[in-house]
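Here are the chains, one letter per residue:
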Amino acid sequence: MERNALASCTLCPRSCKADRLHGETGFCRAGQTIKAARAALHFWEEPCLSGARGSGTIFFSHCTLQCVFCQNREISARQTGAPVTISRFAQICLELQEQGAHNINLVTPTHFVPQITQGISLARKRGLVLPVVYNSGGYETPETVQELRGTVDVFLPDFKYWDNRLARKYSGAPDYREWAQKSLAQMVKQTGSPQFDQEGMLRRGVIVRHLMLPGMMEDSKAIIRYLHETYGEQIILSIMNQYTPMEFVRYYPEINRTVNQEEYDGLLDFAISIGVETAYVQEQGTQKESFIPPFDRRGL
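Summarised in this report is the structure supplied together with it. No experiment lies behind these values; they were computed from the predicted model shown. (Residues numbered from 1 in each chain as written. Predicted model: local features only at pLDDT ≥ 70, side-chain atom pairs only at ≥ 80, totals over all residues. Heavy atoms only, no water.)

Burial within strand β1 (residues 34–42) is extensive, with seven of its nine residues counted as buried. In terms of strand pairing, β1 meets strand β3 (residues 82–84) through three bridges, oriented antiparallel. Bridge pairing in β3 links K35 to P83. Where β1 meets strand β2 (residues 55–60), six bridges bridge the pair, whose relative direction is antiparallel. Following the sheet pairing, L41 is matched in β2 by G56. (Buried < 20%, exposed > 50% of the residue type's maximum accessible area, 1.4 Å probe, protein only. Helix = DSSP H or I, 4+ residues; strand = E, 2+ residues; numbered from the N terminus. Pairing = 2+ DSSP bridges.)

We now examine the nonpolar core. If you look at the biggest cluster of nonpolar residues, it comprises 76 residues, and the most contacted ones within it are I58, F69 and F89. With residues near it in sequence (within four places) discarded, I58 still touches A36, R38, A39, F89, I92, C93, L96, I104, N105, L106 and V107. Judged by nonpolar contacts, the second largest core, of eight residues, contains L49, V133, L156 and I236. (Core = buried A, V, L, I, M, F, W, Y, C linked by side-chain atoms within 4.5 Å. Contact = heavy atoms within 4.5 Å.)

Another point: unusual backbone geometry. A positive phi angle is found at S15, which is not glycine, with a value near 45 degrees. Inspection of the secondary structure assignment puts S15 in the segment before β1. Assessed through its relative accessible area of 31%, S15 is described here as partly exposed.

Below, the discussion takes up the packing of aromatic side chains. Overall, the coordinates contain 15 aromatic pairs when judged by the stated rule. With 5.8 Å between their ring centres and 70 degrees between their planes, Y134 and F155 make a pair best called edge-to-face. Taken as a pair, Y134 in strand β5 (residues 132–136) and F155 in strand β6 (residues 154–157) lie far apart in primary sequence, 21 residues in all. Across this residue pair, the class does not change: Y134 and F155 are buried. When the centroid spacing of 5.2 Å and the interplanar angle of 45 degrees are considered together, the rings of W162 and Y226 count as tilted. Here W162, found in the loop between β6 and α6 (164–171), pairs with Y226, found in helix α8 (residues 217–231); they are 64 residues apart in sequence, far enough to count as distant. (Phe/Tyr/Trp six-rings, centres within 6.5 Å; stacked < 30°, edge-to-face > 60°.)

Here we take up the packing of helix α7 (residues 176–191) against α8. Relative orientation and spacing of two packed helices are given, respectively, by the angle between their axes and the distance between those axes. It is the contact of α7 with α8, at a shortest axis distance of 13 Å, that shows an interaxial angle of 35 degrees. α7 and α8 meet at a crossing whose hand is right-handed. Contacts from Q181, L184, A185 and V188 in α7 reach Y226, L227 and Y231 in α8. Residues of the contact of α7 with α8, tallied by class, amount to six nonpolar, one polar and no charged. (Axes fitted to C-alpha atoms, helices over the stretch in contact; angles between N-to-C directions. Left-handed = near helix turned anticlockwise from the far one by under 90°. Nonpolar A, V, L, I, M, F, W, Y, C, P; charged D, E, K, R; others polar.)

This part takes up the pattern of salt bridges. Side-chain pairs of opposite charge can arise where the charged atoms are in close proximity. Under the defined criterion, the tally for this structure stands at 14 salt bridges. Across the salt bridge formed by D153 and R204, the nearest N and O atoms sit 4.0 Å from each other. Of this pair, D153 sits in the loop between α5 (142–147) and β6 while R204 is found in strand β8 (residues 202–211), placing the two residues 51 residues apart along the sequence. A salt bridge links E263 to R257; its shortest N-O distance comes to 3.0 Å. You can call R257 partly exposed: its relative accessible area is 33%. (Salt bridge = Lys/Arg side-chain N within 4 Å of Asp/Glu carboxyl O.)

Attention shifts here to the environment of E95. Within the secondary structure layout, E95 lies in helix α3 (residues 86–98). A distance of 2.8 Å separates a polar atom in the side chain of E95 from a polar atom in the side chain of R88. (Polar contact = N/O pair within 3.5 Å; in protein donor to acceptor, adjacent residues only side chain to side chain.)

Moving on: the side chain of S238. Among the secondary structure elements, S238 is positioned in strand β9 (residues 236–240). Polar side-chain contacts of S238 include one of 2.7 Å to the side chain of E46. Filtering out sequence-adjacent residues up to four positions away, S238 remains in contact with E46, I207, V208, R209, H210 and Y280.

Our next topic: the environment of D163. Note that D163 resides in the loop between β6 and α6. Of the residues examined, D163 reaches a relative accessible area of 23% and is grouped as partly exposed. Sequence-wise, D163 and L128 are 35 residues apart; in three dimensions their C-alpha atoms are separated by 40 Å.

Let us look at helix α9 (residues 261–273). Taking 1.5 Å per residue as the helical rise, α9 with its 13 residues ought to reach 18 Å, and the 18 Å between its terminal C-alpha atoms agrees with that figure. Following α9 by one or two positions, G275 adopts a phi angle in the positive range, close to 105 degrees. (Expected span 1.5 Å × (residues − 1).)

Inspection of the secondary structure assignment puts R297 in the segment after β10 (279–280). Counting along the chain gives 292 residues from R297 to A5, while the straight-line C-alpha distance between them is 27 Å. Setting aside residues no more than four positions away along its own chain, R297 makes contact with A37, G81 and A82. A distance of 2.9 Å separates a polar side-chain atom of R297 from the backbone oxygen of G81.

Laid out in C-alpha cells, this is it:
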C-alpha cells in the first residue's frame, strides 16, 4: 500500500476520504505521520504472545472507534503520544527484538497501515525476524487486511458486538458486526490455522478476543456461537472478563460496573455446551486499572 492511500483515506470502514497528506483529518483525526505513546515489553497478552519475555508492544495514538469504555482512552480519544518517522518505527521494532520480545505487537494500527507496511519492510531489511501481530478493534475493511499480506503474521482482532444497536451506542459504529465478519474472514484466509514454535509461541494465525460487557450475556453468546460454528479450530478464542468501568462510563449507568463471576462463568459454560474445547479465559482480579500501561512515550 502506497503512502498516497493517505490522500483519500479509506483505511477503515468509515471511509472518510480525508486528504491526510495535506492536513485533513477524518474520524480518527490521525495525520500523515505515525503517532505512538509507548513501545515496550508487555506481559498481559495471551500466553502464546507474551510468553516468558514479553510481547514487543507498540501503542499507537488515535483510533477508528471511540468506545465509551476504552481503557486506552488517553491515547485513543485524547491522542496522547509523539510523532514517529517510518525509519524510527523500524528501529523501534529492532530495539524490541534486542530486548528479547517474542513478537512485534501493533496496538490500534489501522489508521497507520501504509506507514506500518513500509516500516516493517525496512525493519526486516535491517534484521527483524520476529512475527508481527496486528492487534485491532476488529473494525476493519477486507481490503486493508489484504494489504497486510506479507507484513502481518498474527491477527489479534476484537469481536466486540453482535447487535449493531450496541455497537452504535457504545462505539459509534452502527455497521460494526458486518465489517468484523468480513475482515475476520480475510484474516483467516491469509494466515490459515494457528502455527506454534517449539516454545509454544504463536508464529502465525488468528486469535479473536471477545470482551464480555456487563449485562450483555445474549450478545456475547451470539458472538461465541458464530465464531465457533464458522471457524472452529481455525482460530483461537480469547474470552475476556477484564472490563473495567472508566471515568466516561458514568454516563452509561447500565455498564458502569464490572462483569461479575456468575455472568462470566455462565458465558464459559455456554461455550463448553456448544462444543468449544479450547479458549483462553481469565481469572478473577483482571478488572483493575493497574493492567493499563502508562502512556509515557517510553521506547519512542
